[in-house]
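Examination of the molecular architecture
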Amino acid sequence: NSETQFKYIKTSIDYALKNKKYKLAALAYQKYAMEFLFKANDGFGNKNELIKQGQLNLYKAKYYNSLANDDATLYNIYYSIIKLHNILLQNQDSALFYVEKSYALAKLKNNTYDIFTSLVNKAEVYKHQKKHLKAIEVLKMANELPITKYVNKSRSVNFLFLSGNYRRIGDYKNAYYA
């Protein structure tokens with residue numbers, strides 16, 4: 001259950017801080033933040049208060065990751081911030097800002113899967129902005145990447161998003177064949 005999950009995460013945070021394991025602290029705070037944001041998104045409790053708690057824990061995650069200096073963890077934190085701004089806060093400009101940061105980090109590390117994921121996130125933001133043609137363009141770019149990690153699931157999600165964006169502009173032929 002959710003309360004047990006919170007307890008385990010809090011225990012991880014306490015352990016990480018006591019032992020100066022900053023990467024673990026950053027990951028635990030990021031997970032803690034996501035639990036608050038999932039609750040807010042699913043309608044459990046006071047949405048505004050849950051979002052505030054999620055934001056606070058994401059800032060803590062960023063802080064402890066700055067001490068650990070771990071790019072993979074930073075990428076995950078950016079992912080959570082993107083979801084927060086795009087879905088819960090409906091602030092797509094901020095979401096795009098963090099998409100660009102995650103994309104730049106993925107490019108710097110030459111991580112094809114994270115580049116792919118950043119492009120899909122960008123397309124999702126465009127979908128929320130009702131910029132479906134831009135979303136389609138970005139999803140096509142993502143589809144051309146030679147990913148080797150989670151290939152079937154990633155391609156499936158990409159095609160599902162591509163199809164949905166074609167459908168939203170009334171292009172049912174491409175929606176069907178996407």
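Before reading further, recall that the structure is shown in the block above.
Let us look at the structure shown here. In this text, all values refer to a predicted model and were calculated from it rather than measured experimentally. (Residues numbered from 1 in each chain as written. Predicted model: local features only at pLDDT ≥ 70, side-chain atom pairs only at ≥ 80, totals over all residues. Heavy atoms only, no water.)

Some details on the overall build of the protein chain
- Along the protein chain, the regular secondary structure elements total 9 helices and 0 strands.
- Relative to the globule expectation of 16 Å for 178 residues, the C-alpha radius of gyration of the protein chain, 17 Å, shows essentially globular dimensions.
- Viewed in the frame of its principal axes, the protein chain has a C-alpha envelope of about 55 × 40 × 30 Å.
- In the protein chain, which comprises 178 residues, the share counted as buried stands at 43%.
- A fraction of 54% describes how many contacts in the protein chain between residues 6 or more apart in sequence connect residues 24 or more apart.
- Of the roughly 10300 Å² of accessible surface on the protein chain, a fraction of 51% belongs to carbon and sulfur atoms.
- Of the charged side chains in the protein chain, 28 are positive and 14 negative, and the gap between their average positions amounts to 1 Å. (Helix = DSSP H or I, 4+ residues; strand = E, 2+ residues; numbered from the N terminus. Rg over C-alpha atoms; globule rule 2.2 N^0.38 Å. Buried < 20%, exposed > 50% of the residue type's maximum accessible area, 1.4 Å probe, protein only. Contact = heavy atoms within 4.5 Å. Areas by Shrake-Rupley, 256 points an atom, 1.4 Å probe, with all protein chains shown as cover. Lys, Arg positive; Asp, Glu negative; His and termini not counted. Charge placed at Lys NZ, Arg CZ, Asp CG, Glu CD.)

A closer look at the pattern of salt bridges
- Across all of its chains, the model carries 7 salt bridges by this definition.
- Between E3 and K39 there is a salt bridge; the shortest N-O distance is 3.2 Å. Pair noted here: E3 is in helix α1 (residues 2-18) and K39 is in helix α2 (residues 22-42), with a separation of 36 residues, a long-range link.
- Classification of E3 by relative accessible area gives exposed; the value is 53%. (Salt bridge = Lys/Arg side-chain N within 4 Å of Asp/Glu carboxyl O.)

So, helix α4 (residues 71-88)
- Taking 1.5 Å per residue, 18 residues should reach 26 Å; α4 reaches 25 Å between its end C-alpha atoms and fits that length.
- Immediately beyond the C-terminal end of α4, within one or two residues, lies Q90, with a positive phi of roughly 55°. (Expected span 1.5 Å × (residues − 1).)

Some words on unusual backbone geometry
- One non-glycine residue with positive phi stands out, namely Q90, at about 55°.
- By the element assignment, Q90 lies in the loop between α4 and α5 (92-108).
- The class of Q90 is partly exposed, set by a relative accessible area of 47%.
- The phi dihedral of Y150 is positive, around 55°, even though this residue is not glycine.

Digging into the packing of aromatic side chains
- Scanning all chains against the criterion turns up 9 aromatic pairs.
- Ring geometry for F97 against Y98: centres 5.1 Å apart, planes inclined by 90°, an arrangement best described as edge-to-face.
- With a relative accessible area of 46%, F97 lands in the partly exposed category.
- Taken together, the ring pairs in this structure connect Y22, Y29, Y63 and Y64 into an aromatic cluster. (Phe/Tyr/Trp six-rings, centres within 6.5 Å; stacked < 30°, edge-to-face > 60°.)

Overview of helix α6 (residues 112-128)
- Between its terminal C-alpha atoms α6 stretches 25 Å, which fits the 24 Å expected from 17 residues at 1.5 Å a residue.
- Buried residues dominate α6, accounting for 13 of its 17 residues.
- K130 occupies a position one or two residues after α6 and carries a positive phi of about 65°.

Here we look at the packing of α1 against α2
- It is at 8 Å that the axes of α1 and α2 come closest, and there the two elements cross at 155°. Between α1 and α2, the interaxial angle falls into the category roughly antiparallel. Considering how the two elements wind past one another, α1 and α2 form a crossing that is left-handed. Contacts between α1 and α2 involve S2, E3, Q5, F6, I9, K10, S12, I13, Y15, A16 and L17 from the former and L24, A25, A28, Y29, K31, Y32, E35, F36 and K39 from the latter.
- Considered class by class, the residues forming the contact of α1 with α2 number 12 nonpolar, 3 polar and 5 charged. (Axes fitted to C-alpha atoms, helices over the stretch in contact; angles between N-to-C directions. Parallel < 35°, antiparallel > 145°, perpendicular 65-115°, else oblique. Left-handed = near helix turned anticlockwise from the far one by under 90°. Nonpolar A, V, L, I, M, F, W, Y, C, P; charged D, E, K, R; others polar.)

Looking at a nonpolar patch on the surface
- A cluster of nonpolar side chains, namely V157, L160 and F161, defines an oily patch on the protein surface of about 240 Å² accessible area.
- Structurally, the position occupied by F161 is in helix α8 (residues 151-168). (Patch = residues over 30% accessible without salt bridge, like charges linked within 9 Å, V, L, I, M, F, W, Y side chains within 5 Å.)

What is shown is where atoms sit, not what they do.
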